[in-house]
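Coordinates in review
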Amino acid sequence: FFFLMIRRPPRSTQSRSSAASDVYKRQFYDQPSFILTGRWESTGQLQAAFIKKLSDRVNLRITAQYPNSDLAYSQVHADLDIDGEDYTHSFKYGTGMFATSYMQTIRDNLFCGFELFHLTERKMTGVNYALKYRHNVKHNFFLNYVQYAQMFQLAYLLKLNKTAQFITEFTANPDTGDTKTIIGYRQKFSNSEVIATLNSTGKISSILTFAGNAYSLKLSAIADYVKETYKFGYGISLGQVM
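Reading the values: the criteria
- Residues numbered from 1 in each chain as written.
- Predicted model: local features only at pLDDT ≥ 70, side-chain atom pairs only at ≥ 80, totals over all residues.
- Heavy atoms only, no water.
- Helix = DSSP H or I, 4+ residues; strand = E, 2+ residues; numbered from the N terminus.
- Buried < 20%, exposed > 50% of the residue type's maximum accessible area, 1.4 Å probe, protein only.
- Areas by Shrake-Rupley, 256 points an atom, 1.4 Å probe, with all protein chains shown as cover.
- Core = buried A, V, L, I, M, F, W, Y, C linked by side-chain atoms within 4.5 Å.
- Contact = heavy atoms within 4.5 Å.
- Pairing = 2+ DSSP bridges.
- Phe/Tyr/Trp six-rings, centres within 6.5 Å; stacked < 30°, edge-to-face > 60°.
- Polar contact = N/O pair within 3.5 Å; in protein donor to acceptor, adjacent residues only side chain to side chain.

1. Focus on the overall build of the protein
Of regular secondary structure, the protein possesses 1 helix and 16 strands. In the protein, which comprises 242 residues, the share counted as buried stands at 39%. About 13,500 Å² of surface is accessible on the protein, with carbon and sulfur atoms providing 60% of the total.

2. Observations regarding the nonpolar core
Formed by Met97, Ala99, Phe117, Leu119 and Met124, the largest nonpolar core amounts to 5 residues. For this core, the elements supplying multiple residues, two or more each, are strand S6 (97-107) and strand S7 (110-119). Ignoring sequence-local partners within four residues, the contact set of Ala99 consists of Ser90, Phe91, Lys92, Glu115, Leu116 and Phe117.

3. Observations concerning the pairing of strand S4 (residues 75-83)
Moving residue by residue along a regular strand, the side chains alternate between the two faces of the sheet. Direction of pairing for strand S3 (residues 58-66) relative to S4: antiparallel, over a ladder of 8 bridges. Bridge pairing in S4 places Gln65 opposite Gln75. Of the strand pairs in this sheet, S4 and strand S5 (residues 87-94) are connected by 7 bridges, and their pairing is antiparallel. Bridge pairing in S5 places Asp79 opposite Lys92. Counting the residues between successive antiparallel strands, the hairpin from S4 to S5 contains 3 residues.

4. Remarks on the side chain of Asp79
Summarising the element assignment, Asp79 is placed in strand S4. By relative accessible area, which is 2% here, Asp79 ends up buried.

5. Regarding the packing of aromatic side chains
Each aromatic ring pair is summarised here by two numbers: the centre-to-centre distance and the angle between the ring planes. According to the stated counting rule, one finds 8 aromatic pairs in the structure shown. Aromatic pair Tyr102 and Phe114: ring centres 6.5 Å apart, planes at 35°, arrangement tilted. Linking Tyr102 in strand S6 with Phe114 in strand S7, this pair joins segments that are 12 residues apart in sequence. On the basis of relative accessibility, which here comes to 36%, the residue Phe114 falls in the partly exposed class. On the basis of an interplanar angle of 40° and a centroid distance of 5.1 Å, the ring pair of Phe141 and Tyr156 is categorised as tilted. In this pair, Phe141 sits in strand S9 (residues 139-146) while Tyr156 sits in strand S10 (residues 151-159), placing the two residues 15 residues apart along the sequence. An aromatic cluster is present here, built from Tyr87, Tyr102 and Phe114 joined pairwise through their rings.

6. Some remarks on unusual backbone geometry
The phi torsion of most residues other than glycine is negative, and most of the peptide bonds are trans. Positive phi, close to 50°, is recorded for Lys123, a residue that is not glycine. Here Lys123 shows up in the loop between S7 and strand S8 (124-135). Residues other than glycine seldom take positive phi values, yet Gln150 does so here, at roughly 50°. Position of Gln150 among the secondary structure elements: in the loop between S9 and S10.

7. As for the side chain of Lys92
Looking at the element boundaries, Lys92 is found in strand S5. Classification of Lys92 by relative accessible area gives buried; the value is 14%. Side-chain polar atoms of Lys92 contact the side chain of Asp79, separated by 3.3 Å.

8. Let's talk about the pairing of S10
Here S9 pairs with S10 via 8 bridges, running antiparallel. When the bridges of S10 are listed, Phe141 appears paired with Tyr156. Count of turn residues in the S9/S10 antiparallel hairpin: 4 residues, of which Gln150 carries a positive phi of about 50°. Across 8 bridges, S10 lies against strand S11 (residues 164-172) in antiparallel orientation. Bridge pairing in S11 places Phe152 opposite Ala172.

Quick look at the structure:
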């Protein structure tokens with residue numbers, strides 16, 4: 001659950017810094033000109049996204065989330081991502097907020113940046129910060145501060161090999177004393193992928209993805225043993241290779 005700046009490294013280091021990006025942006029086809037994806041859960045929640053590659057350096061992303069049938073609770077956001085030689089710059093506008101972020105390469109293994117945001121309903125403006133450090137490609141460390149949630153996030157990602165990754169994350173709110181720990185594992189196969197996570201609140205989730213030439217099918221399951229709730233989801237992604 002890193003905030004937006006961590007989602008993609010700068011273009012010049014993308015091949016060596018793609019570990020975090022691979023976990024949160026699971027794509028099976030190379031250089032797609034567009035992606036259309038949707039996910040529906042048994043609770044009625046619907047998530048949809050459209051990603052369009054405008055140029056080699058510019059991507060447009062439109063995401064929508066509908067928690068239930070009441071459109072008053074829906075959220076829609078549009079993101080414009082720009083890749084530089086040694087930086088990534090993004091603009092975001094959507095329901096209740098707008099923001100801009102900037103991620104800069106400091107050294108070959110060090111990246112840092114910020115996100116300036118404004119929450120319209122809460123009339124709150126602030127800055128989030130992010131730091132990433134990579135050690136010999138396999139070991140990746142992340143540190144985030146999310147101001148609007150008064151929350152610190154510390155994470156570690158280990159690339160076990162070309163197809164397997166392990167990640168752990170610790171989240172803390174100094175004001176409330178609340179903490180949460182998440183551990184996860186990702187395994188890629190030739191035409192499929194499995195992701196499983198477990199957190200300290202008793203929630204277990206898994207995602208199974210099957211990929212074709214320009215599409216992927218997703219099956220997800222979430223079990224919360226503390227709240228005794230169970231959810232199942234189905235999703236499809238469509239993309240066109242350039």
